[in-house]
Amino acid sequence: MITLGIESTCDDTGIALLQGDKLLCNLVASQIEIHRPFGGVFPELASRGHAHHLLPLLDQALKTTGLLLEEIDLITVAYGPGLMGSILMGVTCAKTLALALQKPIQFVNHIEAHLFACAMQTEKPVMFPALGLVVSGGHTSLVFMEDFSSYTLLGETQDDALGEAFDKVAKLLHLPYPGGPEIEKLARLGDPSVYPFRPAVVKGKPFAFSFSGLKTKVLYTVRGEKGENKEREPSIEEKQNIAASFQSAVFLDLCQKLEKAHAIWSPKSILLGGGVTHSQTLRSLLEHASFAEKVIFPDKDLSQDNAAMIAGLGAWKHQRVKEGDALTVKPKPRIPWKKCKSITH
Ligand code: KG4
Ligand code: ZN
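Reading the values: rules and limits
- Residues numbered from 1 in each chain as written.
- Chains lettered and ligands numbered in written order.
- Predicted model: local features only at pLDDT ≥ 70, side-chain atom pairs only at ≥ 80, totals over all residues.
- Heavy atoms only, no water.
- Helix = DSSP H or I, 4+ residues; strand = E, 2+ residues; numbered from the N terminus.
- Rg over C-alpha atoms; globule rule 2.2 N^0.38 Å.
- Buried < 20%, exposed > 50% of the residue type's maximum accessible area, 1.4 Å probe, protein only.
- Contact = heavy atoms within 4.5 Å.
- Areas by Shrake-Rupley, 256 points an atom, 1.4 Å probe, with all protein chains shown as cover.
- Pairing = 2+ DSSP bridges.
- Salt bridge = Lys/Arg side-chain N within 4 Å of Asp/Glu carboxyl O.
- Donors = N, O, S within 2.8 Å, 3.2 Å for Na, K, Ca; no water.
- Tetrahedral: all angles 85-135°; square planar, octahedral: opposite > 155°, others 65-115°.
- Near = heavy atom within 4 Å.
- Polar contact = N/O pair within 3.5 Å; in protein donor to acceptor, adjacent residues only side chain to side chain.
- Nonpolar A, V, L, I, M, F, W, Y, C, P; charged D, E, K, R; others polar.
- Core = buried A, V, L, I, M, F, W, Y, C linked by side-chain atoms within 4.5 Å.

What the chain contains, in helices and strands, is 10 helices and 10 strands. Its C-alpha radius of gyration of 20 Å places the chain within 12% of the 20 Å reference for a compact globule of 345 residues. With respect to the principal axes defined by its C-alpha atoms, the chain has extents near 60 × 45 × 30 Å. A burial count over the chain gives 54% of its 345 residues as buried. Contacts in the chain between residues far apart in sequence, at least 24 positions, make up 72% of those at least 6 positions apart. Accessible surface, the chain as shown: approximately 15,600 Å² in total, 55% of it carbon and sulfur.

Below is the structure:
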């Protein structure tokens with residue numbers, strides 16, 4: 001079965017083709033250069049970027065694989081969460097193809113797909129029950145998973161997503177967007193013990209995350225106690241130490257929450273997904289955790305936004321879920337986790 005994956009929920013346009021489980025091609029058109037001057041994603045420009053890239057990428061994917069459009073058996077697309085205008089581009093493209101080619105569509109939750117990317121690597125099998133941690137530019141969620149598509153939310157961010165916090169701290173340090181890779185590079189040369197940064201503890205929610213207080217702490221460190229020196233650029237040594245202290249604080253927070261959740265729920269696998277998992281520092285840190293043998297990261301080219309994970313999860317779901325009249329399914333900029341229950345621990 002040939003599955004087409006379409007990703008357009010934020011600023012990356014992705015087209016992928018899968019044959020059964022085998023990834024034939026995974027193309028991503030990045031818009032980083034367009035959004036860099038704004039220090040974050042400019043939504044209208046992101047939508048226009050998808051309109052510009054989607055069909056040429058599809059053409060390129062067909063040329064690369066030697067497939068014909070008519071040979072696609074299933075069309076899969078991320079229908080949320082994300083930016084409404086951006087999602088609409090991918091969903092409209094998918095519905096139009098489905099109607100023209102008379103092929104089925106499967107709609108996919110973008111965050112679930114980040115976790116499914118772990119099942120597409122070949123080193124370790126994913127086993128259930130599992131814990132899933134998604135850390136991306138828009139999301140930070142820890143879930144208990146009975147299977148793919150069956151989740152209990154254990155905790156999520158109360159304010160900034162982790163990738164967003166990386167991007168905002170990078171901006172304060174006068175580093176380009178996206179901030180995560182820049183902070184990681186600088187942090188290698190810094191001393192993580194110089195600044196006593198710590199993410200906030202969320203009262204009564206042991207698995208919730210909060211990064212905005214930490215980001216404000218960085219702001220005061222850079223600009224003075226009242227944030228008065230708005231134009232101040234820290235020295236290179238200061239930047240390295242801030243980057244190292246910030247990165248070490250937030251990754252320690254992730255590791256401690258995973259350790260605690262592991263002790264309570266005894267999962268067989270621990271899946272990590274989302275752009276922040278591109279960090280080699282985070283990958284190396286978790287190699288030393290007590291539960292390291294259960295940890296699964298996606299391959300690096302599937303850790304940031306891509307359409308291969310959409311096609312993978314879409315094909316998996318298509319064998320199990322009947323979508324009904326797919327052409328009436330609407331984009332969902334905010335999708336709640338399925339089977340959300342509150343937790344008492
Ligand atoms: O999953 P993703 O590609 O897009 C969203 O769905 O949001 O994640 C993008 C985020 C950005 O905020 C970026 O700064 C962060 O992932 N990121 C990193 C690293 N590489 C990308 N954060 C920390 N360390 C990295 N090496
Ligand atoms: Zn993402």
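Across the 8 residues that make up strand β7 (residues 140–147), a large majority, 6, are buried. Hairpin geometry of strand β6 (residues 130–135) and β7 is characterised by an intervening segment of 4 residues between the two adjacent antiparallel strands. As defined by bridge partners, β7 adjoins strand β8 (residues 150–156) across 6 bridges and the pair is classed as antiparallel. Within the sheet, the bridge partner assigned to Asp147 lies in β8 and is Ser150. Taken together, β7 and the strand that follows it, β8, pair antiparallel across an intervening segment of 2 residues, in which Ser149 is found at a positive phi of about 75°.

Within this structure, the stated rule accounts for 10 salt bridges. Between Lys215 and Asp160 there is a salt bridge, and its shortest N-O distance comes to 3.1 Å. Taken together, the residues Lys215 in helix α7 (residues 212–223) and Asp160 in the loop between β8 and α5 (162–172) connect sequence positions 55 residues apart. Each member of the pair Lys215 and Asp160 is classed as buried. Ionic pairing is found between Asp253 and Lys257, a salt bridge with its closest N-O pair at 3.0 Å. A residue pair is termed a helical-turn pair when its members lie 3 or 4 positions apart in one helix, as Asp253 and Lys257 do in helix α8 (residues 236–265) at 4 residues.

Right, let's get into the coordination of the zinc ion (ligand 2). Ideal geometry at a metal gives 109.5 degrees between four tetrahedral donors and either 90 or 180 degrees between six octahedral ones. All of the protein donors around the zinc ion (ligand 2) are His110 (NE2), His114 (NE2) and Asp305 (OD); their distances to the metal are 2.0 to 2.2 Å. Between the 4 donor atoms coordinating the zinc ion (ligand 2), the angles at the centre fall across 94 to 152°, so the site counts as irregular. Sequence positions of the donors to the zinc ion (ligand 2) reduce to the motif H-x3-H-x190-D. Of this pair, His110 sits in helix α4 (residues 110–116) while Asp305 is found in the loop between β10 (295–296) and α10 (308–318), placing the two residues 195 residues apart along the sequence. Grouping residues by exposure puts His110 and Asp305 together as buried.

In the vicinity of ligand 1 lie 20 residues, with Gly137, Asp167, Glu184, Gly275 and Asp305 positioned nearest. The contact in question runs from an oxygen atom of ligand 1 to an N or O atom on the side chain of His110, over 3.4 Å. Backbone polar atom of Gly138 to an oxygen atom of ligand 1: 3.3 Å apart, as the coordinates give it. Taking 560 Å² as the accessible area of ligand 1 by itself, protein coverage stands at 93%. At 4 residues, helix α6 (residues 179–187) tops the list of elements feeding residues into the shell around ligand 1. A breakdown of the residues in the shell around ligand 1 according to their chemical character gives 4 nonpolar, 13 polar and 3 charged.

Most often, soluble globular proteins have nonpolar side chains that are buried together. In terms of nonpolar packing, the biggest core is built from 46 residues, with Leu162, Phe246 and Leu286 touching the most fellow members. When contributions to this core are tallied by element, the ones reaching two or more residues are β6, β7, α5, α6, α7, α8, β9 (269–273) and α9 (280–287). Sort the elements by how many residues they give to this core and α8 lands first, with 12 residues. In this structure, Leu162 is in contact with Val135, Ser136, Thr140, Phe211, Val250, Phe251, Leu254 and Val276, ignoring residues within four places of it in sequence. Ranked by size, the runner-up nonpolar core spans 30 residues in total, among them Leu27, Ala94, Leu97 and Ala98.

Relative to the elements of secondary structure, Arg320 occurs in the segment after α10. Residue class for Arg320 comes out partly exposed when judged on its relative accessible area of 48%. Within the local environment of Arg320, its side chain forms a polar contact with the backbone oxygen of Trp316, the two atoms lying 2.6 Å apart.

Attention now moves to the environment of Ala263. Within the secondary structure, Ala263 is located in helix α8. The exposed category is assigned to Ala263, whose relative accessible area is 60%. Measuring from C-alpha to C-alpha, the distance between Ala263 and Lys317 comes to 30 Å, with 54 residues separating the pair along the chain.

Tracing the backbone through its elements, the reader meets Glu70 in the loop between α2 (43–65) and β4 (74–80). Along the sequence, Glu70 and Gln319 sit 249 residues apart, while their C-alpha atoms lie 20 Å from each other.

The next thing to look at is the sheet that holds β6. Overall, mixed pairing links the 5 strands, which are arranged β8-β7-β6-β9-β10 in an open sheet. At either end of the open sheet lies a strand with only one pairing partner, and these are β8 and β10.

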